[in-house]
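Structural description and commentary
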Amino acid sequence: MPDISILVPAYNEIGTIAEILDLIGTALPGVRKEIIVVDDGSKDGTRDWLSGKYATTSEEDLAGGQGSPVSTISDECTIRVIFHSGNKGKGGAIRTAMRAATGAVLIIQDADLEYDPGDWNEMYRLIARKKVADVVYGSRFHGKSHRSLYFHHYLANRLISVIFNVLCNQTLTDIETCYKMFTREVLDSLNITANDFGMEVQISCQIALARKWRVYETAIHYYGRTYQEGKKINWKDGLKALWYLGRYRVNPGN
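Structure report, in brief. (Residues numbered from 1 in each chain as written. Predicted model: local features only at pLDDT ≥ 70, side-chain atom pairs only at ≥ 80, totals over all residues. Heavy atoms only, no water.)

**A look at helix α1 (residues 17-26)**
All buried positions along α1 are accounted for by I17, I20, L21, I24 and G25. Down the axis of α1, the smallest arc covering the buried residues is 140 degrees, so these residues share one side. Opposite the buried face of α1, by more than 90 degrees, sit the exposed residues D22 and T26. Against the buried residues of α1 lie β1 (4-10), β2 (33-39), α2 (46-53), β5 (77-83) and α5 (120-129). Once α1 finishes, L28 follows within two positions and takes phi at roughly 45 degrees, a positive value. (Buried < 20%, exposed > 50% of the residue type's maximum accessible area, 1.4 Å probe, protein only. Helix = DSSP H or I, 4+ residues; strand = E, 2+ residues; numbered from the N terminus. Arc of directions from axis to C-beta. Contact = heavy atoms within 4.5 Å.)

Given below as structure tokens:
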């Protein structure tokens, strides 16, 4: 069993996929890592690049119990690549990666370069070494370097987190962050059904409303992208998140 599984949803990331996988492979030295990449129907060459470099499998074969072939990156890092036949959304890709993961600890990592795997050190220490946390969120609003971008994105993120905290009696500053690290016991308690970015809200609601997990938050760097650089989330996703807050507070789904 690897020490940590890195869940990487990828959709049209040909410009960054090679570099992010290199960064993941060298993160957390001395820790056995398993990378699970789920290509969510890319059309820009990401899929061809992955299939030319690593062994791959389809979501259908995985669901049929055939498992997924493993490629070795280094003595302490392996990778498995799974293809969706079409685009399902980030939540759908994460759900597939969750089913394939075998690590004792898991973390979600976007395939762009907005987040730095070097920030995993403190998150992993709290869970696997200090053993005081079951879940660790990486907050973009805790003071580390972050790119100044759109005010309306900042406002929406803070509003979503405030409403979540009121509804779920928490004190998190950034529930929409990509970086959520958690133990396998937490994973086993989750039942994620959202296929889109609503997955972020659903995971957070299921964790908070369980009332039994030790949740921490740490500062992370954030190298955000503009829409011209490939940013995908938009104002519609923000409105959906507000609706999901109400829906998953009443019925989180697990």
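Here the narrative resumes, following the displayed structure.
**Focus: the packing of aromatic side chains**
This structure, assessed with the given rule, holds 6 aromatic pairs. Between W49 and Y54, the ring centres sit 6.1 Å apart and the planes meet at 75 degrees, which makes this aromatic pair edge-to-face. Judged by its relative accessible area of 26%, W49 falls in the partly exposed class. Under the relative-accessibility criterion, Y54 is labelled buried at 12%. Aromatic side chains W243 and Y244 sit 5.2 Å apart centroid to centroid with 55 degrees between the ring planes, which places their arrangement in the tilted category. Among the aromatic residues, ring-to-ring pairing joins Y115, W120, Y179 and Y222 into one connected group. Positioned above the aromatic ring of F83, the side-chain terminus of R47 is 4.3 Å from the ring centre. Sitting over the face of the ring of F141, R158 holds its NZ or CZ atom 4.8 Å from the ring centroid. (Phe/Tyr/Trp six-rings, centres within 6.5 Å; stacked < 30°, edge-to-face > 60°. Lys NZ or Arg CZ within 6 Å of the ring centre and 35° of its normal.)

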